[in-house]
Amino acid sequence: MAAAMDWLLWSLLLLFLMCETRAFYVPGVAPINFHQNDPVEIKAVKLTSSRTQLPYEYYSLPFCQPGKITYKAENLGEVLRGDRIVNTPFQVLMNSEKKCEVLCSQSNKPVTLTVEQSRLVAERITEDYYVHLIADNLPVATRLELYSNRDGDDKKKEKDVQFEHGYRLGFTDVNKIYLHNHLSFILYYHREDLEEDQEHTYRVVRFEVIPQSIRLEDLKADEKSSCTLPEGTNSSPQEIDPTKENQLYFTYSVHWEESDIKWASRWDTYLTMSDVQIHWFSIINSVVVVFFLSGILSMIIIRTLRKDIANYNKEDDIEDTMEESGWKLVHGDVFRPPQYPMILSSLLGSGIQLFCMILIVIFVAMLGMLSPSSRGALMTTACFLFMFMGVFGGFSAGRLYRTLKGHRWKKGAFCVPFPTMVALLCMWFGISLPLVYLGYYFGFRKQPYDNPVRTNQIPRQIPEQRWYMNRFVGILMAGILPFGAMFIELFFIFSAIWENQFYYLFGFLFLVFIILVVSCSQISIVMVYFQLCAEDYRWWWRNFLVSGGSAFYVLVYAIFYFVNKLDIVEFIPSLLYFGYTALMVLSFWLLTGTIGFYAAYMFVRKIYAAVKID
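Everything numeric here is computed off the predicted structure, so don't read it as measured data.

A. Spatial organisation of a nonpolar patch on the surface. Side chains of Phe395, Leu438, Tyr441 and Phe442 sit close together on the surface and give an oily, nonpolar patch of about 350 Å² of accessible area. Residue placement: Leu438 occurs in helix α11 (residues 425-445). The class for Leu438 is partly exposed, based on a relative accessible area of 42%.

What follows is the structure, given as structure tokens:
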């Protein structure tokens, strides 16, 4: 129990440190200083929708185009995210106002959308698509003002300001479809302090937009591409009829405001989450779960296990001891190699590869090294780390395979990265496979794990097992506690993946990951102890499967999230969701199964080394 108390105290101390740094990050890119009237380029990233989960590039819709379309060179993470960063015709100058200007207008003529283009725009609006733009690498956001105090006078109501990433392409009302064809850009700048004889420079620190729908007749445009916005609420929105051609203006305005926010803190608006209290509850809940689990495990080890070892080591009553049932009776079979040792060692090698990658990525992100301003850096780092961690996965798989009396190490090395690297064949053949072979070669040449007892020539007969020792029941029992320790954090991760939200509370995530490792290890030890007490020595595969039982609950939660949180109704988006979910569940099963397996393996070796075997 003392060890459990120490763990609780250190966890709470680490929790406080994490919470103080939850929004810290290293910017990752150098700031750009603008002078008065310097151009500030507005670029488009993509179109996204939480209903379809299918990103589209900006010019897949008939938006106004510049004279020359230029796409930005992207890293691997941006490509995997579906980003296609491209220039736009918006002309924005630093600290220069624009009341209203028309895009892509020739001789004061409006834009005409064909029937096919109108149908496509209407379809994207009904699918709730958002448009994502960036200015100075800062994403555009739509301000949402919510009243937190709904009772009482309006004067006493407090506004709760939140930001929505991107802006809505349009909206529907009474079976009619309307397009946001006017964008009011609000850019905030921070004036840098300079010497008296130097010219002031500015830095962009926030990028907001107010989308509006204004019909053609209410926008008065002249030959100089200037326009006049209607006053008040006298205008009507711009309707898009998908059955015919539509004429409209694409217009925009620019407003600048000075801000006290410094450039290094400009991402705080996007990274600030309003559910920090729920995160607190999640962490405290997880710590309590692990605390009680540690207490249970300590009780088992201190009372039951030590009592067993003391009884087994009595030299004066060997015959009575042999007649008793218990885990010592299967000492001659507990390290008997299981069926399909190559597959087992390969899966565990993949789990080690995943574990090393996840641990390093979360730790580095927690330190603020993977800035959101470096677009795609997190995913790029994860992919390359996964490749290079193949040497550790191969080493552990090779050594375990030799311990299990395997001989075909080359074929075994090929099996380690194959299930998870189908989508990235080039990187697999060029980086991961050679490193896995290298690690597997040295791991296979390494001295195998020294088991404390010898294996009998003839396997011992296994007695009939109780119903609660069934493998599926074990998965349900072993998976509930690790899942309960991290399921609240899983909600925020799913929101970031499927609802286009920023996730940057890696301090919380790192602590939850440590709790997950501890809880998986402890429940795995408990389950293998009960199995050996039932004189069932076939623990290798069973422990790996049972330790990954929390992946089953992740799958159930993913189905629940799909039904209750997402509005996906079409087949292709549903197939995309469950396809990615299957990959995540499989990866999570490999991760937790590997953690539990090695914890149980060390436990089994430890207890059998503590008893006297004749």
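Having seen it, we continue.
B. Seen up close, the pattern of salt bridges. Taken as a whole, this structure holds twelve salt bridges when the rule is applied. For Asp128, the salt bridge is made with Arg51, and the minimal N-O distance between the two is 4.0 Å. A residue pair is termed long-range when its members are at least 10 positions apart, and Asp128 in the loop between α3 (115-126) and β5 (130-135) and Arg51 in the loop between β1 (42-48) and α2 (76-81) qualify at 77 residues. A relative accessible area of 31% places Asp128 in the partly exposed class. Here Glu208 ties to Arg143 by a salt bridge, and the two come within 3.0 Å at their closest N and O atoms. Of the two residues, Glu208 is situated in strand β13 (residues 202-212) and Arg143 in strand β7 (residues 141-147); the sequence distance between them amounts to 65 residues. Overall, the relative accessible area of 30% leaves Arg143 in the partly exposed class. Residues joined by salt bridges that share partners form a network here, namely Glu123, Arg124 and Glu127.

C. A look at unusual backbone geometry. For Asn37, which is not a glycine, the phi torsion comes out positive at approximately 70°. Looking at where Asn37 falls in the secondary structure, it is placed in the loop between α1 (2-20) and β1. In this structure, Asn137 is a non-glycine residue whose phi angle is positive, near 65°. Tracing the backbone through its elements, the reader meets Asn137 in the loop between β5 and β6 (138-139).

D. View of the environment of Tyr561. Here Tyr561 lies in helix α15 (residues 550-564). Judged by relative accessible area, Tyr561 falls into the buried class, the value being 1%. Expressed as a C-alpha distance, the spacing of Tyr561 and Ser495, which sit 66 residues apart in the sequence, is 9.5 Å. When residues no more than four places from it in sequence are discounted, the contact partners of Tyr561 are Phe491, Phe494, Ser495, Trp498, Glu499, Leu566 and Tyr577.

E. Molecular detail of the pairing of β13. Among the eleven residues that make up β13, nine are buried, leaving the element largely enclosed by the rest of the structure. Across ten bridges, the pairing between strand β12 (residues 182-191) and β13 is antiparallel. By the bridge assignment, Arg191 is partnered in β13 with Tyr202.

F. Region of the structure containing the UniProt feature "transmembrane region" (unreviewed entry) in the protein chain. Summarizing the sequence annotation, UniProt attributes the feature "transmembrane region" (unreviewed entry) to residues 280-302, 346-370, 376-401, 422-442, 472-495, 502-532, 544-563 and 575-601 in the numbering used throughout. End C-alpha atoms of residues 376-401 are separated by 37 Å, and the span's content is 92% helix alongside 0% strand. Structurally, residues 544-563 comprises 90% helix and 0% strand, and the distance from its first C-alpha atom to its last is 30 Å.

G. Spatial organisation of the packing of helix α7 (residues 341-366) against helix α9 (residues 390-403). At a minimum axis distance of 8 Å, the contact between α7 and α9 shows a crossing angle of 150°. With respect to each other, α7 and α9 are oriented roughly antiparallel. The two elements α7 and α9 cross, and the hand of that crossing is right-handed. Across the interface between the two elements, Pro341, Met342, Ser345, Leu348, Gly349, Ile352, Gln353 and Cys356 from α7 touch Gly390, Phe392, Gly393, Ser396, Ala397, Leu400 and Tyr401 from α9.

H. Structural detail: the environment of Arg206. If you trace the backbone, Arg206 turns up in strand β13. Owing to a relative accessible area of 15%, Arg206 belongs among the buried residues under this scheme. For the pair Arg206 and Ile186, spaced 20 residues apart in sequence, the C-alpha separation works out to 8.1 Å. Apart from residues no more than four positions distant in its own chain, Arg206 is found in contact with Leu138, Arg143, Phe163, Ile186, Leu187, Tyr188, Ile261 and Thr269.

I. Quick peek at α9. Between its first and last C-alpha atoms α9 spans 20 Å; for 14 residues at 1.5 Å apiece the expected length is 20 Å, and the two agree. Within α9, ten of the 14 residues are buried, which leaves the element mostly enclosed by the surrounding structure. Burial in α9 covers these residues: Gly390, Gly393, Gly394, Ser396, Ala397, Gly398, Arg399, Leu400, Tyr401 and Thr403.

J. Representation of the packing of aromatic side chains in the model. Applying the stated rule across the entire model yields 44 aromatic pairs. Where Tyr56 meets Tyr129, the ring centres are 5.6 Å apart and the plane angle is 55°; that geometry is what we call tilted. Pair noted here: Tyr56 is in the loop between β1 and α2 and Tyr129 is in the loop between α3 and β5, with a separation of 73 residues, a long-range link. On the basis of relative accessibility, which here comes to 27%, the residue Tyr56 falls in the partly exposed class. It is Arg402 that lies over the ring of Phe444; its NZ or CZ is 6.0 Å from the centre.

K. Representation of helix α12 (residues 471-498) within the structure. The first and last C-alpha atoms of α12 sit only 33 Å apart over 28 residues, clearly below the 40 Å expected at 1.5 Å per residue. Roughly 50° is the biggest bend found in α12, and it falls at Phe487. Two residues or fewer past α12, Asn500 is found with a positive phi of approximately 55°.

L. Focus on the packing of α12 against helix α16 (residues 571-609). One can describe the packing of α12 onto α16 by two numbers: an axis separation of 13 Å at closest approach and a directional angle of 140°. Accordingly, the angle class assigned to the pair α12 and α16 is oblique. In the crossing of α12 with α16, the sense of the turn from one axis to the other is right-handed. Residues Met486, Phe494, Ile497 and Trp498 of α12 pack against Leu576, Tyr577, Tyr580, Thr581, Met584 and Phe588 of α16. A per-class count over the contact of α12 with α16 returns nine nonpolar, one polar and no charged.

M. Seen up close, the environment of Tyr189. Tracing the backbone through its elements, the reader meets Tyr189 in strand β12. Residue classification places Tyr189 among the buried residues on the basis of a relative accessible area of 7%. Taking the C-alpha atoms as reference points, Tyr189 and Trp263, 74 residues apart in sequence, are found 8.8 Å from one another. Ignoring anything within four residues of it in the chain, the contact list for Tyr189 reads Met94, Asn95, Tyr202, Arg203, Val205, Trp256, Glu257, Glu258 and Ser259.

What counts, and at which threshold
- Within every chain, residues take consecutive numbers counted from 1 along the sequence as written.
- Whole-chain, interface and lining totals are the exception, using all residues; otherwise, since this is a predicted model, local features are given only for residues with pLDDT of at least 70 and side-chain atom pairs are given and counted only at 80 or more.
- Only heavy atoms go into the side-chain values, all of them from the structure, while hydrogens and water stay out.
- Think of a patch as exposed residues, more than 30% relative accessible area, with no salt bridge, where like charges cluster within 9 Å and nonpolar side chains (Val, Leu, Ile, Met, Phe, Trp, Tyr) cluster within 5 Å.
- Here the Shrake-Rupley method, with its probe set to 1.4 Å, supplies the accessible areas, and only the displayed protein chains count as covering residues.
- Throughout this description, the term salt bridge denotes a Lys or Arg side-chain nitrogen within 4 Å of a carboxyl oxygen of Asp or Glu.
- Secondary structure elements are taken from DSSP: a helix is a run of H or I of four residues or more, a strand is a run of E of two residues or more, and numbering for both begins at the N terminus.
- Type-normalised accessible area, obtained with a 1.4 Å probe on protein chains alone, sets the label of each residue: buried when under 20%, exposed when over 50%, and partly exposed for intermediate values.
- Should any heavy atoms of two residues lie within 4.5 Å, those residues are counted as being in contact.
- When DSSP finds two or more bridges between two strands, those strands count as paired.
- UniProt positions are given in the numbering used here, feature names are shortened, and annotations may be inferred rather than shown by experiment.
- The convention used is that axes are lines fitted to C-alpha atoms, helices contributing only their stretch in contact, and that angles between N-to-C directions extend from 0 to 180 degrees.
- Each angle gets one of four labels, with under 35 degrees taken as roughly parallel, over 145 as roughly antiparallel, 65 to 115 as roughly perpendicular, and the rest as oblique.
- Each crossing gets its hand from how the near helix is turned against the far one by less than a right angle, where anticlockwise is left-handed and clockwise is right-handed.
- Here, expected helix span is obtained from the residue count minus one, scaled by 1.5 Å.
- Geometry of aromatic contacts follows a simple scheme: Phe, Tyr and Trp rings, the Trp one being its six-membered ring, pair when their centres are within 6.5 Å, and the pair is stacked under 30 degrees between planes, edge-to-face over 60, tilted otherwise.
- The rule for a charge over a ring is simple: NZ of Lys or CZ of Arg within 6 Å of the ring centre, and within 35 degrees of the ring normal.
- Two axes enter the bend calculation: one fitted to the seven residues ending at the residue in question, the other to the seven starting there, and the bend is the angle between them.
- Here the term charged refers only to Asp, Glu, Lys and Arg, the term nonpolar to Ala, Val, Leu, Ile, Met, Phe, Trp, Tyr, Cys and Pro, and the term polar to all other amino acids, Gly among them.

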